[in-house]
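Residues per chain are reported as follows:
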Amino acid sequence: DCYELENVYIPQGLEYIYFSAFYGSDKVVLNVAKGTYAEEFANANGIKHTTREFIYRAIASGECGEDVTWEFYENGELRICGHGQMMNYTSYKQQPWANYRHLIKKIVIGADVTSIGNFAFAYSQNVESIEFEVGSKLERIGMLAFINLPKVNEVTLPDTVTYLGAYAFGDCYELESVYIPQ
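Conventions we followed
- Residues numbered from 1 in each chain as written.
- Predicted model: local features only at pLDDT ≥ 70, side-chain atom pairs only at ≥ 80, totals over all residues.
- Heavy atoms only, no water.
- Helix = DSSP H or I, 4+ residues; strand = E, 2+ residues; numbered from the N terminus.
- Buried < 20%, exposed > 50% of the residue type's maximum accessible area, 1.4 Å probe, protein only.
- Contact = heavy atoms within 4.5 Å.
- Areas by Shrake-Rupley, 256 points an atom, 1.4 Å probe, with all protein chains shown as cover.
- Lys, Arg positive; Asp, Glu negative; His and termini not counted.
- Charge placed at Lys NZ, Arg CZ, Asp CG, Glu CD.
- Polar contact = N/O pair within 3.5 Å; in protein donor to acceptor, adjacent residues only side chain to side chain.
- Salt bridge = Lys/Arg side-chain N within 4 Å of Asp/Glu carboxyl O.
- Core = buried A, V, L, I, M, F, W, Y, C linked by side-chain atoms within 4.5 Å.

J.: Hey, could you run me through the overall build of the protein chain in this one?
T.: Helix and strand counts for the protein chain come out as one helix and 14 strands. Relative to its 182 residues, the protein chain shows a buried fraction of 41%. Partitioning the contacts of the protein chain with sequence separation of at least 6, the portion at a separation of at least 24 is 39%. Accessible surface computed for the protein chain: about 10,600 Å², of which carbon and sulfur atoms make up 48%. Counting 13 positive and 24 negative side-chain charges, the protein chain places the centres of these two groups 2 Å from one another.

J.: Is there a simple way to think about the environment of lysine 34 in this case?
T.: Secondary-structure assignment places lysine 34 in the loop between β2 (29-33) and α1 (37-44). Judged by relative accessible area, which is 42%, lysine 34 ranks as partly exposed. With sequence-adjacent residues up to four places away left out, lysine 34 is seen in contact with Glu39, Thr51, Arg52, Glu53 and Phe54. Within the structure, lysine 34 has its side chain in polar contact with the side chain of glutamate 53 (distance 2.9 Å).

J.: What is the right way to read the pattern of salt bridges from this model?
T.: Throughout the structure, instances matching the rule amount to seven salt bridges. Salt-bridge contacts for arginine 79 lead to glutamate 77; the nearest nitrogen and oxygen are separated by 2.7 Å. According to the relative accessible area criterion, arginine 79 is partly exposed, its value standing at 23%. Of the residues examined, glutamate 77 reaches a relative accessible area of 13% and is grouped as buried. Where lysine 106 meets glutamate 77, a salt bridge forms, and the shortest distance between an N and an O atom there is 4.0 Å. Of this pair, lysine 106 sits in strand β8 (residues 106-109) while glutamate 77 sits in strand β6 (residues 77-82), and the two are 29 residues apart along the sequence. Since its relative accessible area comes to 25%, lysine 106 is described here as partly exposed. In this structure, a network of salt bridges that share partners links the residues Glu77, Arg79, Lys106, Glu131 and Glu133.

J.: I would appreciate a short explanation of the nonpolar core in the present structure.
T.: Grouped burial of nonpolar side chains is what soluble globular proteins tend to show. Ile80, Met86, Trp97, Ile116, Phe121, Ile130 and Phe146 are the most contacted members of the largest nonpolar core, which has 36 residues in total. Of all elements in the fold, only β5 (68-73), β6, β8, β9 (113-116) and β10 (129-132) reach the threshold of two or more residues within this core. The element that contributes the greatest number of residues to this core is β5, accounting for three residues. Other than its neighbours up to four places away in sequence, isoleucine 130 contacts Ile107, Phe146, Leu149, Val152, Val155 and Phe169. Membership of the second largest hydrophobic core comes to eleven residues, among which are Val8, Val28, Ala38 and Phe41.

Shown next as structure tokens:
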């Protein structure tokens, strides 16, 4: 019994808590991540708790331009960050994240990325959304950059975009709404 135990931070990866782990600790308040086993445990056992946002880990990363990098997160988000132009690829098979292509659900393009390369996200068939960070400086989207993303239904291009390559959004069968700047 830990009568004076009050605040307990539970790591988001914790997979099991024995049912009597906090028995007799009436003052305890668990700090748990949303949607985790620890939150379920606290709710099921009537233990006071606060929730925090779940933080996803990057499971792969690399370079995709001179000063542009990519990170793929365990929740299916692919983030492109850095400054300047992405590389152009001559095939979708050259994408540095090719091994994760089928797992990508969301693409986020950083505000300081100025160019999206040819074939950059081609055939990433489970992508549901494409997001451009606020203050985007994106000017150019290469050919076939987003071809065959059948689950994307809306795209809002940044006002800074001046060039849209051939078939950039070709074969995006569910695409219904595209904002194209002046």
